[in-house]
Amino acid sequence: MAPLTSIRTSNGKLEIVNQLVLPHTTEFLHIKSVEDAHDAIKTMKIRGAPAIASLASLSLSYYLTEALEASPTPDFLASSDALKAHVVPILDYLYTARPTAVNLGAATRRLHKTLASSLTSEGDVRSIAKALIAEGNLIADEDVGRNKEMSKWGGEWLLNQVGPEKSAGGLNVMTVCNTGSLATSGYGTALGLITYLHETGKLDKAYYTQTTPYHQGSRLTALELQTLGIPSVMLCDTMVGSLFQHHNIHAVAVGADRVARNGDTANKIGTYNAAVLAARHGIPFIVVAPVSTVDLDVADGSGIPIEQRPPLEACLVRGALYDAASGKTSDEQAAVMITPQGLEGIYNPSFDVTPAELITAIVTEKGVAIRKDGEKTFDLSGIV
């Protein structure tokens, strides 16, 4: 079966799959404006650091394409200065959708740079708009190729670390959250590593946490692994220690929303817990992310902004209605409150930061970085 997709572009239409209603309903939403893109990112209808960067970039490309074809011509296409005055606030607005994922900032900075260089070359306003469109499309298009590269780098490194004797029956790899095609433009990062091992016949099972409170694991990773036919096992977030005690897990592979210069890594909440337990059990902990996720301007994890989600989100669970008598689910979905109403004192960060000393390897499309003996931080210069 074909892999799932987070973004669909066809016949001049930009669409995303609404990840809030997966896995029970597949609903594509038409992104008609930059405002639609911002809302989709902020409300997590689309999520995953690479995917939200792709959507933000494509939303600008589609917006400018429509403007070039419009009659009468919009006022902001009257001159280069007018275009700059119009586009800069749009890019700044898109960047505010979610603060932790550095890919979104990297994408908007690339578009700012394209705008600046095009203005310097003194091209006409339509040429500048076309350059922005091309760059926006490129940001999305290049994602799949680099995901396959980093997945291969990480998979081969892990096989080498485990060795042929211990990997003969296939590797067991655990992951957190969702880092596959639904979180990227295709193939995935950490889930891409798992997919690569499966495709090459080197995977026994994939294990994945539910990743509450949004259940990206039990809703999205479960659906992707099922769709791809990859043998897998789901576990509650609180069962990771038990899994490591009683099962032979060869590695933990996770994605990242931002990697600091020293290797400290922000990722979905619960990643830090898994890293601590992996270190306790001597299990390699691998971060798989594109170069655009590495933020060399941030020295360490203390400088990474952590998004705080609305408290209500930690009180609700959404899913399809289940009939216990028949053992079947209906097409109807509902959000259910699982806490007392009016609960006060809710801690609901979207991300946590795993210190570099708990990470065994950081993988990008350019290779694998490991810490030197005795060092607690990474030198990432070789993989960025």
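Model, not experiment: these values are computed from the prediction.

**Student:** Describe in detail the overall build of the protein chain, supporting the description with residues and values.
**Tutor:** Looking only at helices and strands, the protein chain features nine helices and 16 strands. The C-alpha radius of gyration computed for the protein chain amounts to 21 Å, which stays within 12% of the reference 21 Å derived for 384 residues, consistent with globular compactness. Going through the 384 residues of the protein chain one by one, you find that 51% of them count as buried. Carbon and sulfur atoms form 52% of the exposed surface of the protein chain, whose accessible area is close to 17200 Å². Here the protein chain carries 31 positive and 40 negative side-chain charges, and the mean point of each set is 3 Å from the other.

**Student:** Any chance you could break down the sheet that holds strand E10 (residues 285-288) for me, citing the residues and the numbers?
**Tutor:** Working definition: the strands of a sheet are paired by backbone hydrogen bonds and lie parallel or antiparallel to each other. In spatial order, the strands read E6-E5-E4-E7-E10-E15-E16; together these seven strands make up an open sheet with mixed pairing. In this open sheet, the two strands that pair with only one neighbour each are strand E6 (232-235) and strand E16 (367-370). Strand-to-strand twist across the sheet, computed as the mean angle between neighbouring axes with direction ignored, equals 25°. Here strand E4 (residues 171-175) pairs with strand E5 (residues 203-209) via five bridges, running parallel. Looking across to E5, one finds that Val173 is bridged to Ala206. On the sheet, helix H5 (residues 125-162) packs against E4, strand E7 (251-254), E10, strand E15 (361-364) and E16 and is oriented at approximately 150° with respect to E15.

**Student:** With reference to specific residues and values, describe a nonpolar patch on the surface.
**Tutor:** On the surface, Val317, Val336 and Ile338 cluster together into a nonpolar patch covering about 240 Å² of accessible area. Along the polypeptide, Ile338 turns up in the loop between strand E13 (328-337) and strand E14 (351-354). The class for Ile338 is exposed, based on a relative accessible area of 57%.

**Student:** Pulling in residues and values, what's your account of the state of the cysteines?
**Tutor:** Counted under the stated rule, the structure contains zero disulfides. Cys177 provides the cysteine sulfur closest to Cys236, a residue in no disulfide bond, and the two sulfurs are 16 Å apart.

**Student:** Break down the sheet that holds strand E11 (residues 294-295) for me, citing the residues and quoting the values.
**Tutor:** Reading across the sheet, the four strands line up as E11-E8-E9-E14 and stay open at both edges, with mixed pairing between neighbours. A single partner strand is all that each edge strand has here, and the edge strands are E11 and E14. Strand direction decides the pairing type here: strand E8 (residues 258-260) and E11, joined by two bridges, are parallel. Its bridge partner being in E11, Val259 is matched across the sheet by Val294.

**Student:** Help me get a handle on unusual backbone geometry, residues and values and all.
**Tutor:** Along the chain, Leu22 connects to Pro23 via a cis peptide bond; the corresponding omega equals 10°. Among the structural elements, Pro23 can be located in the loop between strand E2 (13-17) and strand E3 (28-30). With an omega dihedral of 5°, the bond running from Thr212 to Pro213 counts as a cis peptide bond. For Pro213, the position within the fold is in the loop between E5 and helix H7 (216-228). In the Ramachandran plot, Thr211 falls in the positive-phi region, its phi being about 65° despite a non-glycine side chain. Mapped onto the secondary structure, Thr211 falls in the loop between E5 and H7.

**Student:** Give a detailed account of the nonpolar core, specifying residues and quantitative values.
**Tutor:** What tends to happen in soluble globular proteins is that the nonpolar side chains get buried as a cluster. Grouped together as the largest cluster of nonpolar side chains are 42 residues, with contacts concentrated most on Ile16, Ile46, Leu55, Leu64, Leu77, Leu83 and Val87. Of all the elements in the fold, those that place two or more residues in this core are E2, helix H1 (34-42), helix H2 (49-69), helix H3 (80-95), helix H4 (102-120) and H5. With 12 residues, H2 is the largest single contributor of residues to this core. Contacts of Leu64, omitting those with residues within four sequence positions, involve Phe76, Leu83, Val87, Ala129, Leu132 and Ile133.

**Student:** Could you give me a rundown of the environment of Ile230, with the residues and numbers involved?
**Tutor:** As for its position among the elements, Ile230 is in the loop between H7 and E6. A residue is classified by how much of its surface remains accessible, and Ile230, at 4% relative accessible area, is buried. In this structure, the C-alpha to C-alpha distance between Ile230 and Asp204, residues 26 residues apart in sequence, is 8.9 Å. When sequence neighbours within four positions are dropped, the list of residues in contact with Ile230 reads Ile194, Thr195, His198, Leu203, Ala206 and Leu225.

**Student:** Now, about the environment of Arg8: what can you tell me, with residues and values included?
**Tutor:** Looking at where Arg8 falls in the secondary structure, it is placed in strand E1 (residues 7-10). For the pair Arg8 and Ser185, spaced 177 residues apart in sequence, the C-alpha to C-alpha distance is 9.3 Å. Excluding anything up to four places from it in sequence, Arg8 contacts Lys13, Leu14, Glu15 and Phe28.

**Student:** Pulling in residues and values, what's your account of the packing of aromatic side chains?
**Tutor:** Applying the stated criterion across every chain yields a total of one aromatic pair. Relative to Phe76, the ring of Tyr63 has its centre 5.8 Å away and its plane inclined at 15°; by these criteria the two rings are stacked. One end of the pair, Tyr63, is in helix H2; the other, Phe76, is in the loop between H2 and H3, with 13 residues separating them in the sequence. Looking at Tyr63, the relative accessible area reads 25%, which means it is partly exposed. Looking at Phe76, the relative accessible area reads 11%, which means it is buried. Between Arg8 and the ring centre of Phe28, over which it is positioned, the NZ or CZ distance is 3.6 Å. Against the face of Phe351 rests Lys268, its NZ or CZ located 4.6 Å from the ring centre.

The rules behind each value
- Residues numbered from 1 in each chain as written.
- Predicted model: local features only at pLDDT ≥ 70, side-chain atom pairs only at ≥ 80, totals over all residues.
- Heavy atoms only, no water.
- Helix = DSSP H or I, 4+ residues; strand = E, 2+ residues; numbered from the N terminus.
- Rg over C-alpha atoms; globule rule 2.2 N^0.38 Å.
- Buried < 20%, exposed > 50% of the residue type's maximum accessible area, 1.4 Å probe, protein only.
- Areas by Shrake-Rupley, 256 points an atom, 1.4 Å probe, with all protein chains shown as cover.
- Lys, Arg positive; Asp, Glu negative; His and termini not counted.
- Charge placed at Lys NZ, Arg CZ, Asp CG, Glu CD.
- Pairing = 2+ DSSP bridges.
- Axes fitted to C-alpha atoms, helices over the stretch in contact; angles between N-to-C directions.
- Contact = heavy atoms within 4.5 Å.
- Patch = residues over 30% accessible without salt bridge, like charges linked within 9 Å, V, L, I, M, F, W, Y side chains within 5 Å.
- Salt bridge = Lys/Arg side-chain N within 4 Å of Asp/Glu carboxyl O.
- Disulfide = S-S within 2.5 Å.
- Core = buried A, V, L, I, M, F, W, Y, C linked by side-chain atoms within 4.5 Å.
- Phe/Tyr/Trp six-rings, centres within 6.5 Å; stacked < 30°, edge-to-face > 60°.
- Lys NZ or Arg CZ within 6 Å of the ring centre and 35° of its normal.

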